[in-house]
Amino acid sequence: GPAPADYALLARLHGLELLDDFYTELDEAEQIARAGDGYREPATLHAVRAFARIGDPSDARARFSAMDPAHVPTLLRRLSDAYRGLGKYDDAAIVLGDILATSSDNLELCAVHERLFQLAGELDDRAASLNAARGLVAAVHRANDPRCSAIADERLRAPAFACPSRPVGQGAARPPG
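Note that this is a predicted model, so its numbers are computed, not measured.

Colleague: I tried to follow the packing of aromatic side chains on my own but got confused; where do I start?
Modeller: Given two aromatic rings, one states the distance between the centres and the angle between the planes to describe the pair. A complete count under the given rule lists one aromatic pair for this structure. For the ring pair Phe51 and Phe64, a centre distance of 5.4 Å and an interplane angle of 55 degrees mean the geometry is tilted. One end of the pair, Phe51, is in helix H3 (residues 40-54); the other, Phe64, is in helix H4 (residues 60-67), with 13 residues separating them in the sequence. The two residues Phe51 and Phe64 agree in class, both being buried.

Here's what the structure looks like:
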């Protein structure tokens, strides 16, 4: 099992988070994650949350690759969610764009397009929502996977989402208002 020292470091991470000492929390979380499997998962969660507070999204891939190379896409998706939770929507979009530019896994790309769709909805950006919806539909066709189809069905069938025949900004009609 995990070494007692790793357990003590993990307990310390909770205290550092409560004290808003995100730099130390990030450094120590990385040490625990690199040490072994015992507490890698909770340590990487701490690292993601701390990085979302203080990190530059353009440095995320390199930082997480050094910490846990086998789980970089998952960590980046979690980071985009953490950024969204903090209201750092531009940072979330940068991280999602990084995944889109580097991944060839169709199911992963489907999950990223879903997050882009959610992000556009949170920003109440109709044009971005339409573009994200198109990206999600294209991802469904590429993936040819029922899990991806289920994700798209859940997101795109929401009653609040109505898709005009042409994108906003390219001559589509806007409702009076």
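Colleague: Quick question: what am I supposed to make of the nonpolar core here?
Modeller: Note that soluble globular proteins tend to have their nonpolar side chains buried in a common cluster. Within the largest apolar cluster, 30 residues are counted, with the highest numbers of intra-cluster contacts made by Phe51, Phe64, Leu76, Leu79 and Tyr83. Breaking this core down by element, the ones donating at least two residues are helix H1 (4-18), helix H2 (22-35), H3, H4, helix H5 (72-85), helix H6 (89-102) and helix H7 (106-122). Grouped together as the second largest cluster of nonpolar side chains are seven residues, Ala139, Val140, Ala143 and Ala152 included.

Colleague: Where do I start with the pattern of salt bridges in this structure?
Modeller: When the charged atoms of two side chains with opposite charge come close together, those side chains can pair. Counting across every chain of the model gives 13 salt bridges. When the shortest N-O distance is used, the salt bridge between Arg78 and Glu41 registers 2.9 Å. Taken as a pair, Arg78 in helix H5 and Glu41 in helix H3 lie far apart in primary sequence, 37 residues in all. On the basis of relative accessibility, which here comes to 28%, the residue Arg78 falls in the partly exposed class. Overall, Glu41 belongs to the partly exposed group, its relative accessible area being 42%. Salt bridges sharing partners connect three or more residues here, namely Asp81, Arg84, Arg115 and Glu122.

Quick notes on the rules
- Residues numbered from 1 in each chain as written.
- Predicted model: local features only at pLDDT ≥ 70, side-chain atom pairs only at ≥ 80, totals over all residues.
- Heavy atoms only, no water.
- Phe/Tyr/Trp six-rings, centres within 6.5 Å; stacked < 30°, edge-to-face > 60°.
- Helix = DSSP H or I, 4+ residues; strand = E, 2+ residues; numbered from the N terminus.
- Buried < 20%, exposed > 50% of the residue type's maximum accessible area, 1.4 Å probe, protein only.
- Core = buried A, V, L, I, M, F, W, Y, C linked by side-chain atoms within 4.5 Å.
- Salt bridge = Lys/Arg side-chain N within 4 Å of Asp/Glu carboxyl O.

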